[in-house]
Structures are given as C-alpha cells and as structure tokens.
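Listed here are the chains, written in short residue letters.
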Amino acid sequence: MRTIVVGSRHVSTYDDLLDAVEEAQFTPSSITSSITRWGDKLAEKYAREHNLKIHRVKLRPILNAEYSRDFELIRNSDAMIILYSGMSHDTKHLFELAQEFHLTIFRWNVRLIS
C-alpha cells in the first residue's frame, strides 16, 4: 500500500516507526513523503532500507500551502501510519483528512521524547 507516515517533532523515533510497521495490518509498498524533518524523514529511511519507492510532495508557494500539501499527500496514498502523541495540530489534521478519504489507518501512540 502507498503509505504516509505521520508524526510530530515531539515524538517519533525510528524504533517507534519499526514497531508501528510491524503491528500494522498492512505492509507499505511505497512511501509518500512531505519532505519534513520528523515522520517523513523516518519514513524515507525506512523506504531506503526496504527498497521502497518514495513519492515526495513539496509545499507549493500558495495561500494555505500546508493544507494543499496535506491533500496531495492523501490523494497519493492508500494508507497512513500515524505516530501520535495527541499534541500536534498538523498530525491531527492529516489524521482527520485520512479518515475523511477512507485511507487505511494504523495509529501508534508514542511517548514524548526530549
């Protein structure tokens, strides 16, 4: 499945991602990435280590570019792995959008890291 990995800067270690992928009821066939520092970088590392294709979605220089990117991420994906602490508004927005578009979602609750 074409998969987005979503996490916030307050959470998300590579071990969290590996644990989440192992527990999910689906296997990523490719990774959709927004090229951000946290969850996406972890997902791209996973993709490289597992020889998966990476589809990168960049922010466009338009009003509400971040939300435009979120729709683009969702449109190019079948599934989402969410590394969730309950603190990130952006992560919550992507989660709600994925629900609206009926993506397969696996939610992995993570602890805060320092």
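Structural data are supplied above this passage.
A brief look at the structure comes next. Going along each chain's sequence as written, the residues are numbered from 1 onward. Only residues with pLDDT of at least 70 get local features here, since the model is predicted, and only at 80 or more are side-chain atom pairs given and counted; chain-wide, interface and lining totals rely on the full set of residues. Heavy atoms from the whole structure form the basis of all side-chain values; hydrogens and water molecules are not counted.

### Describing the nonpolar core
Then comes step 1: In this description, a nonpolar core means a group of buried Ala, Val, Leu, Ile, Met, Phe, Trp, Tyr and Cys residues linked to one another through side-chain atoms lying within 4.5 Å. When a residue's accessible area, from a 1.4 Å probe over protein chains only, is under 20% of the maximum for its type it is buried; when over 50% it is exposed; and in between it is partly exposed. V5, L17, F26, I31, Y46, I81 and L83 are the most contacted members of the largest nonpolar core, which totals 19 residues.
Then comes step 2: Segments assigned H or I by DSSP are reported as helices when at least four residues long, segments assigned E as strands when at least two residues long, and all are numbered from the N terminus. Breaking this core down by element, the ones donating at least two residues are α1 (14-23), α2 (39-49) and β4 (79-84).

### What to know about the environment of D70
Then comes step 1: Inspection of the secondary structure puts D70 in helix α3 (residues 65-75).
Then comes step 2: Taking the C-alpha atoms as reference, D70 lies 6.4 Å from L94; in sequence the two are 24 residues apart.
Then comes step 3: Should any heavy atoms of two residues lie within 4.5 Å, those residues are considered in contact. What D70 contacts, discounting residues up to four positions off in sequence, is H93, L94 and L97.

### A look at the packing of aromatic side chains
Then comes step 1: Two aromatic rings, drawn from Phe, Tyr or Trp (for Trp, its six-membered ring), form a pair once their centres lie within 6.5 Å of each other, and the interplanar angle then sorts them: stacked below 30 degrees, edge-to-face above 60, tilted otherwise. The final tally for this structure, using the stated rule, is two aromatic pairs.
Then comes step 2: Their ring planes at 75 degrees and their centres at 6.2 Å tell us that F71 and F101 sit as a pair that is edge-to-face. Placement of the pair is F71 in helix α3 and F101 in the loop between α4 (89-100) and β5 (104-109), with a sequence separation of 30 residues.
Then comes step 3: For F101, a relative accessible area of 42% puts it in the partly exposed group.
Then comes step 4: One cation-aromatic arrangement involves K45 over Y14; the distance from NZ or CZ to the ring centre is 4.2 Å. Put simply, a charge is over a ring when the Lys NZ or the Arg CZ is close to the ring centre, within 6 Å, and near the line of the ring normal, within 35 degrees.

### Here's the deal with a negative patch on the surface
Then comes step 1: Only residues whose relative accessible area exceeds 30% and that form no salt bridge enter a patch; like-charged residues are grouped when within 9 Å of one another, and nonpolar side chains (Val, Leu, Ile, Met, Phe, Trp, Tyr) when within 5 Å. Accessibility throughout is a Shrake-Rupley quantity obtained with a 1.4 Å probe, and a residue counts as covered only by protein chains that appear here. Salt-bridge detection follows one rule: a side-chain nitrogen of Lys or Arg within 4 Å of a carboxyl oxygen of Asp or Glu. Charge counting treats Lys and Arg as positive and Asp and Glu as negative, with His and both chain ends excluded. Working definition for charges: the position is that of NZ of Lys, CZ of Arg, CG of Asp or CD of Glu. Together, D15, D19, E22 and E23 give the surface a local cluster of negative charge.
Then comes step 2: Mapping E23 onto the fold places it in helix α1.

### Topic: the sheet that holds strand β1 (residues 2-7)
Then comes step 1: The pairing criterion for strands is at least two bridges between them, as found by DSSP. The five strands lie next to each other as β3-β2-β1-β4-β5, forming an open sheet whose pairing is parallel. Both edges of this open sheet fall to β3 (53-56) and β5, since each of them pairs with a single strand only. Strand-to-strand twist in this sheet, taken as the mean axis angle between neighbours without regard to direction, amounts to 25 degrees.
Then comes step 2: Here five bridges tie β1 to β4, and the two strands are oriented parallel to one another. Of the residues in β4, the one forming a bridge with G7 is L83. Axis definition: a line fitted to C-alpha atoms, over the contacting stretch in the case of helices. Angles run 0 to 180 degrees between N-to-C directions.

### Considering α4
Then comes step 1: The end-to-end C-alpha distance of α4 is 16 Å, a good match for the 16 Å that twelve residues give at a rise of 1.5 Å each.
Then comes step 2: For α4, the complete set of buried residues consists of T91, H93, L94, F95, L97 and A98.
Then comes step 3: Positive phi appears at H102, one or two residues downstream of α4, with a value of about 60 degrees. The span one expects for a helix is its residue count, reduced by one, times 1.5 Å.

### Points about the side chain of E72
Then comes step 1: Mapping E72 onto the fold places it in helix α3.
Then comes step 2: By relative accessible area, which is 16% here, E72 ends up buried.
Then comes step 3: At 3.4 Å, the side chain of E72 and the side chain of R75 are in polar contact. Any N or O atom pair separated by 3.5 Å or less is treated as a polar contact, with the protein-specific requirement of one donor-capable and one acceptor-capable atom, and with residues adjacent in sequence counted only for side-chain atom pairs.

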